[in-house]
Every structure is written in structure tokens, then in C-alpha cells.
Amino acid sequence: MRMLDIIESKKQGNKLSDDEIQFFVDGVVDGSIPDYQTSALLMAIYFNGMTDSEQTKLTMAMMHSGDHLNLSSIEGIKVDKHSTGGVGDKTSIPLAALVAALGIPVPMISGRGLGHTGGTLDKLEAIPGYKVEISESDFKKQVQKEQLAIIGATGNIAPADKKIYALRDVTATVDSIPLIAGSIMSKKIASGTDALVIDVKTGAGAFMKTLDDSRALAKALVKIGQGVGMDCMALISDMNQPLGNAIGNALEIKESIDLLNGNGPKDLLELVLTLGSHMVVLAGKAQTLDEARQKLEGTITDGSALERFRAMVVAQGGDGSVVDHPEIMPQAKFKIELPAKESGVVSEIEADEMGIASMLLGGGRQKADDQLDYAVGIVLHKKIGDKVSKGESLMTIYSDTEQIDDIKEQIYQNVKITDSASAPELIKEIIK
Ligand code: URA
């Protein structure tokens, strides 16, 4: 079998056989297929898609490319959540702490930034000392003892995805349903979780821009999960504007801590409580979503969720004092306000463009080996539907240089102020 023929076949829009998909995944992992051929096939898949059976084969081949965690030694129903990626999407961090505070084991395997979106692992690494790569046995011990861990798919979980994910990020092949489905579900099936809630983002800042595409992705993800016996559901949530107010690694950790202290932005809190309620019901710790929500709210009020977060940070080598002193994380040299040029109501804050602005400030990668600047980013003071007066600050830009005229201009072009607008509906659909 030759990789060139596989690329040619997908380029022509043909269905790949199971053997061809297996050959591709094996070659990615053992290094016999060079990055340029992998990238070419990814682009052919991007343009020509995959059938359900190709998608399932790709997922299973990627899943079998590495180890399969056996979490059966951990008591209780293990529940995880995964997002398809967004801007300002720090949901996993407070969510894992809230759910774990109810005694539910949350073994979370997260990713790094992809395209214009941020990654949970990059955010957590803004905390001094926090290690995202821990051994399988330490991961299990931590989940057993502390009820939660957020780590990278290190060791040997879906190594094929690791390689392909990094290449997709720099070859404009992220927003493809079969590639996203294979990436997410290979890791989730390999991670041994019993139940999974998936947050499929939709809108300008999501990989899937339309509700139809997001629905198709949600259905593909749920079908693959249920096909292997996982208790799996998805919801589709808005990503036209950034989630919460903060975009940028340390800034998003600070916002997560604020939420755990009861001071989180309304939309982020709503999403955390909605996803969390489904996780709690799947874990069998509440009969109804309302009961689950009340229990989760209680973990914020009594401080137990914040303490779970601190316990996780410490267990993973991080400085737990970040909870009381977020300023121990890297701080930007300059805080630059962006005043509104006119009065009115904010009607658009293009999430993808805000993600790109944060990346250009140094908060995201433009090339696979770029080092991140954890301090930089944006804090929005206005969201869609908010009134603003001319001269009032729309947002603060955290930067290590004052020379950001291009970035300011790019942001201005992507924030609209009109006579009226209302906040978008946050949760669009539930897919079971
Ligand atoms: N998250 C993943 O793990 N993979 C993707 O492809 C997109 C989001």
C-alpha cells in the first residue's frame, strides 16, 4: 500500500477502506509517513469528508494507536466533558471542580489551543508549577483521592491524534467533522470514562459556524460514543461572541477562580451549571437537572468547589496559593483600554477575531513550536446586548508592548455598536 495512492483516492472523493485508514494511522504513529503526506491527506479529508463508517474506523484506529486507560479501580461513575473549542472557553476548569465537589470522579483529558481557540492545558500551565503530563498511575491515584485531574493526552493516549492535531492546527484543516470527531472521541474512548458530556460550539468563533454543521458534528460525536457503550450526550452552545469576559491564559484562570468564588460572568456560570447538571445526572447523583443544578450551586456557596480546584492544582505540582493570589501568574506589562467610538448597544463581538487578536498578542500559537505568553489577552467590559457610551472602555487589552495599533484596529473592525441588540441565546440544542 502506498500513501500517495491513499491521498489520490481521497482527493478523488472515494471512500477509504478500513485497511487504508489503518495504514495511514499506523504510519503517522511510527513516523513512516512524512508530515507533508499526512497534511495532504488531511486536506483531502477536509474537502471530501468521510462516510460514517470511515469516521468510525478513523476514530477506532486512532484510539487503538495507544493505551486504553482502565479506570475501573476508581469508585463511582466517572464523568468527563469535552468542548469542540471556542474563544474564552475556560469552562472545563471551574466545571470539573464543581462536579468533583459532589464526590463525582472527573478524569479529564484536555487539549491545547487549536487555530484561534484556546486550550485548557495552555491555560492551566499559566499556574506556576502546574504539570499537565503525569503518569497513568498518578492520574488514577489523583482522581481516586481528589476526585479530579485535568491532564493532557500524554503518555500514550491516542498518539495518532497528538501528531494529527498539531498538524491540523498549522495546515487549516481543523474545521472538519470527521477530523474533529476522530480527534475527540479517540481520546475520550481511550481515557476510559463511563459518561461524557460534549459541548459543541456554534457560531463565528467555533469551528462549526452554522447550526446545521454543529448539529451534524454533535450527532457524529454522540453516535460514536454510544456505539462503544459510553453514556454520551451533547449540547450546542453559542460561540458568536467569546464566552465570559476573559480571553488569554492567565486571565482565564483568574476568571475561573472568580467563578468558583461566586463572582463569575453570567454566561460562563450558566454554561457551567447546564453542563454540570447533565454530568451530575449521568453520574447518578441527582434524579433531575434542577436537583443537580441546586447541588452544584451549593458547591460554590460553601466554597467546596474552590477547595477542589486548589487540591487539583497542588496535586499536579502547581502553586495552590494561586486561588487566593491569582497575581502570582504572569502579568502583562501594559493594560490598554479600548474606548467605544460611539454610543449605542453592542451588537457584535466576533469571537474568532478576538481569539486571533489574543493569539497575535502572544497568547496563542501561530506555528506549532511557538512559546506562549501566558500574561497577555483581552478582558471584555461589554458583551452583546450591553449599552455603551462613546469613550467608555469596551475592553482592556493586556499586552507586553504598547505597539498594538494593528491589533486595536482589527478589534475595532470586529466589534459593532448599533441602536439595539439583544444577548444571543446561549444553549441552542440538546442532542442525546
Ligand atoms: N478538540 C479536540 O480534542 N479535537 C478537535 O479536533 C477539536 C477540539
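- By the naming in an unreviewed UniProt entry, the chain is Pyrimidine-nucleoside phosphorylase, taken from Secundilactobacillus malefermentans.
- In its Subunit (unreviewed entry) section, UniProt records this for the chain: "Homodimer."
- UniProt, in the comment section headed Sequence similarities (unreviewed entry), describes the chain in these words: "Belongs to the thymidine/pyrimidine-nucleoside phosphorylase family."

## Observations regarding the overall build of the chain
At step 1: Of regular secondary structure, the chain possesses 16 helices and 13 strands.
At step 2: Relative to the globule expectation of 22 Å for 432 residues, the C-alpha radius of gyration of the chain, 21 Å, shows essentially globular dimensions.
At step 3: The dimensions of the chain, computed from C-alpha atoms along their principal axes, are 65 × 45 × 35 Å.
At step 4: Residues counted as buried form 58% of the 432 residues belonging to the chain.
At step 5: Long-range contacts, defined as pairs at least 24 residues apart, comprise 79% of the intrachain contacts of the chain with a sequence gap of at least 6.
At step 6: Summed over all atoms, the accessible surface of the chain reaches about 16700 Å², with 49% contributed by carbon and sulfur.
At step 7: Averaging the positions of the 44 positive and the 61 negative side-chain charges in the chain gives two centres separated by 2 Å.

## Some details on the environment of Pro107
At step 1: Inspection of the secondary structure assignment puts Pro107 in strand β2 (residues 106-110).
At step 2: Taking the relative accessible area as the measure of exposure, Pro107 reaches 1% and is therefore buried.
At step 3: Between the alpha carbons of Pro107 and Ser73 there is a distance of 13 Å; along the sequence they are 34 residues apart.
At step 4: Setting aside anything within four residues of it in sequence, one finds Pro107 in contact with Leu71, Lys78, Val79, Asp80, Phe139, Val143 and Ala149.

## Topic: helix α11 (residues 249-260)
At step 1: The terminal C-alpha atoms of α11, which comprises twelve residues, lie 17 Å apart, in line with the 16 Å expected from a rise of 1.5 Å per residue.
At step 2: Among the twelve residues of α11, ten are classified as buried, and the element is accordingly described as predominantly covered.
At step 3: Looking only at α11, the buried set comprises Asn249, Ala250, Leu251, Glu252, Ile253, Glu255, Ser256, Ile257, Leu259 and Leu260.

## Quick word on the pattern of salt bridges
At step 1: By the definition in use, this model includes 29 salt bridges.
At step 2: In this structure, Lys254 and Asp258 form a salt bridge, with 3.1 Å as the shortest nitrogen-oxygen distance. Highlighted residues: Lys254 and Asp258, both in helix α11, separated by four residues, approximately one helical turn.
At step 3: Here Lys383 and Asp267 are joined by a salt bridge, their closest N and O atoms 2.6 Å apart. With Lys383 in the loop between β9 (377-380) and β10 (387-388) and Asp267 in helix α12 (residues 266-282), this residue pair connects regions lying 116 residues apart in the sequence.
At step 4: A cluster of three or more residues bridged by salt bridges with shared partners is formed by Arg112, Asp122, Glu125 and Arg365.

## Looking at the domain arrangement of the chain
At step 1: What the domain assignment lists for the chain is domain 1 (3-49), domain 2 (79-316) and domain 3 (331-418).
At step 2: If you average the C-alpha positions of domain 2 and of domain 3, the two centres end up 24 Å apart.
At step 3: Tallying the contact residues gives 26 residues for domain 2 and 26 residues for domain 3.
At step 4: When domain 2 packs against domain 3, close to 1900 Å² is buried across both sides, 58% of that on carbon and sulfur atoms.
At step 5: In this structure, the connection of domain 2 to domain 3 is made through two salt bridges.

## Points about the sheet that holds strand β7 (residues 334-339)
Either a parallel or an antiparallel arrangement is found when strands of a sheet pair, and the pairing is made through backbone hydrogen bonds.
At step 1: Taken in spatial order, the four strands line up as β6-β9-β11-β7 in an open sheet, and their pairing is antiparallel. Bordering the open sheet on either side are β6 (246-247) and β7, each of which pairs with just one other strand.
At step 2: For β9 and strand β11 (residues 393-399), the ladder comprises four bridges, and the chain directions are antiparallel. Among the inter-strand pairings, Leu380 is bridged to a residue of β11, identified as Met395.

## Points about the nonpolar core
At step 1: Ranked by size, the top nonpolar core spans 78 residues in total, and within it Leu98, Leu124, Ile127, Phe309, Leu394, Met395 and Ile411 carry the most contacts.
At step 2: A per-element tally of this core places α12 first, with eight residues.
At step 3: Two domains share this core, each providing at least three of its residues, namely domain 2 (79-316) and domain 3 (331-418).
At step 4: Ignoring sequence-local partners within four residues, the contact set of Phe309 consists of Ile93, Ala97, Leu124, Ile127, Ile257, Leu260 and Val323.
At step 5: Ile109, Ile157, Ile184 and Ala218 belong to the second largest nonpolar core, which has 37 residues in total.

Rules and cut-offs
- Residues numbered from 1 in each chain as written.
- Predicted model: local features only at pLDDT ≥ 70, side-chain atom pairs only at ≥ 80, totals over all residues.
- Heavy atoms only, no water.
- UniProt positions renumbered as here; feature names shortened; annotations may be inferred.
- Helix = DSSP H or I, 4+ residues; strand = E, 2+ residues; numbered from the N terminus.
- Rg over C-alpha atoms; globule rule 2.2 N^0.38 Å.
- Buried < 20%, exposed > 50% of the residue type's maximum accessible area, 1.4 Å probe, protein only.
- Contact = heavy atoms within 4.5 Å.
- Areas by Shrake-Rupley, 256 points an atom, 1.4 Å probe, with all protein chains shown as cover.
- Lys, Arg positive; Asp, Glu negative; His and termini not counted.
- Charge placed at Lys NZ, Arg CZ, Asp CG, Glu CD.
- Expected span 1.5 Å × (residues − 1).
- Salt bridge = Lys/Arg side-chain N within 4 Å of Asp/Glu carboxyl O.
- Domains from an automatic or database assignment.
- Buried area = accessible area lost by both parts, 1.4 Å probe.
- Pairing = 2+ DSSP bridges.
- Core = buried A, V, L, I, M, F, W, Y, C linked by side-chain atoms within 4.5 Å.

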